[in-house]
Amino acid sequence: AQSVTQPDIHITVSEGASLELRCNYSYGATPYLFWYVQSPGQGLQLLLKYFSGDTLVQGIKGFEAEFKRSQSSFNLRKPSVHWSDAAEYFCAVYMEYGNKLVFGAGTILRVKS
Amino acid sequence: GAVVSQHPSWVICKSGTSVKIECRSLDFQATTMFWYRQFPKQSLMLMATSNEGSKATYEQGVEKDKFLINHASLTLSTLTVTSAHPEDSSFYICSARDSGKNTEAFFGQGTRLTVV
């Protein structure tokens, strides 16, 4: 069955430090992959997406993600975290069968000063 | 970017009453909209897929008679929680897929429903 795994429930990083949030997926075909961010009590904002082409994709707010087919991964990275990046991050894969997004469990990012 | 407006942002209702939540795509047409439910500190759970002009497709375990979905136009879908009970209290989020952009979906800001 198609699934998305985010192994880290919580991550704490210092402001200015680099960040990597992990995402692994299980999907038989070429995946369409997304990263979303959610602030408390808010909806989801799309950070970036991968459909095809260059496996390193750039998103908003200085985020990037790299698609690695051999590892079934789509990890999110940022070279220098800001306090305003504290939020919950969701990885998602689009399932053509069923025409829907499947979300990972989410990773809560805390930024310490 | 595409904007999805969800209304209301929060609502408190008495047990046994019904609540309607609206989801509008403001600057694009959406043949497909999705309704999610999110429990505290958990991920989004897809409840149903709403297709304009046809019946919604509900996920397994979601009561279609309790969660009524209407998608009467290309820019509006509504979710009505009927005979609400305290266990229906949750955060409900809609998303809409831009008909011209296939897989990309945009999310509303969510509705916090509290049933007392």
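This report concerns the structure included in the present document.

Parameters at a glance
- Residues numbered from 1 in each chain as written.
- Chains lettered and ligands numbered in written order.
- Predicted model: local features only at pLDDT ≥ 70, side-chain atom pairs only at ≥ 80, totals over all residues.
- Heavy atoms only, no water.
- Salt bridge = Lys/Arg side-chain N within 4 Å of Asp/Glu carboxyl O.
- Helix = DSSP H or I, 4+ residues; strand = E, 2+ residues; numbered from the N terminus.
- Contact = heavy atoms within 4.5 Å.
- Buried area = accessible area lost by both parts, 1.4 Å probe.
- Polar contact = N/O pair within 3.5 Å; in protein donor to acceptor, adjacent residues only side chain to side chain.
- Pairing = 2+ DSSP bridges.
- Buried < 20%, exposed > 50% of the residue type's maximum accessible area, 1.4 Å probe, protein only.

### Some details on the pattern of salt bridges
Next, step 1: One pass over the full model with this rule turns up 7 salt bridges over all chains.
Next, step 2: For Glu59(B), the salt bridge goes to Lys100(A), with nearest N and O atoms at 2.8 Å. Here Glu59(B) is found in the loop between strand S6 (57-58) and strand S7 (67-73), whereas its partner Lys100(A) is found in strand S11 (residues 100-103) on a different chain.

### So, the interface of chain B and chain A
Next, step 1: Contacts between chain B and chain A engage 19 residues on the former and 19 residues on the latter.
Next, step 2: Of the roughly 1,600 Å² buried where chain B meets chain A, counting both sides, 54% is carbon and sulfur surface.
Next, step 3: Across the contact surface, chain B and chain A share 1 salt bridge.
Next, step 4: Our enumeration of links across chain B and chain A arrives at 5 residue pairs in polar contact (both at pLDDT 80 or more).
Next, step 5: If you list the elements that add at least two residues to the side of chain B that touches chain A, you get strand S4 (32-38), strand S5 (44-51), strand S9 (90-97) and strand S10 (105-107) of chain B.

### Here we look at the pairing of S7(B)
All names here are of chain B.
Next, step 1: Two strands pair when backbone bridges link them, and S7 and strand S8 (residues 76-81) are joined in this way by 5 bridges, in the antiparallel orientation. Bridging from a neighbouring strand, Leu68 pairs with Thr80 of S8.
Next, step 2: Between S7 and S8, which follow one another and run antiparallel, lie 2 residues.

### A word on the environment of Phe34(A)
Next, step 1: Considering the arrangement of structural elements, one finds Phe34(A) in strand S5 (residues 32-38).
Next, step 2: Taking C-alpha positions, Phe34(A) is 5.7 Å from Cys91(A), a pair spaced 57 residues apart along the chain.

### Details of the pairing of S9(B)
Residues and elements named next belong to chain B.
Next, step 1: Among the 8 residues of S9, 8 are classified as buried, and the element is accordingly described as predominantly covered.
Next, step 2: Here S9 shows a buried face lined by Ser90, Tyr92, Cys94 and Ala96 and a second buried face lined by Phe91, Ile93, Ser95 and Arg97.
Next, step 3: Here 7 bridges tie S4 to S9, and the two strands are oriented antiparallel to one another. What sits directly across from Thr32, in S9, is Arg97.

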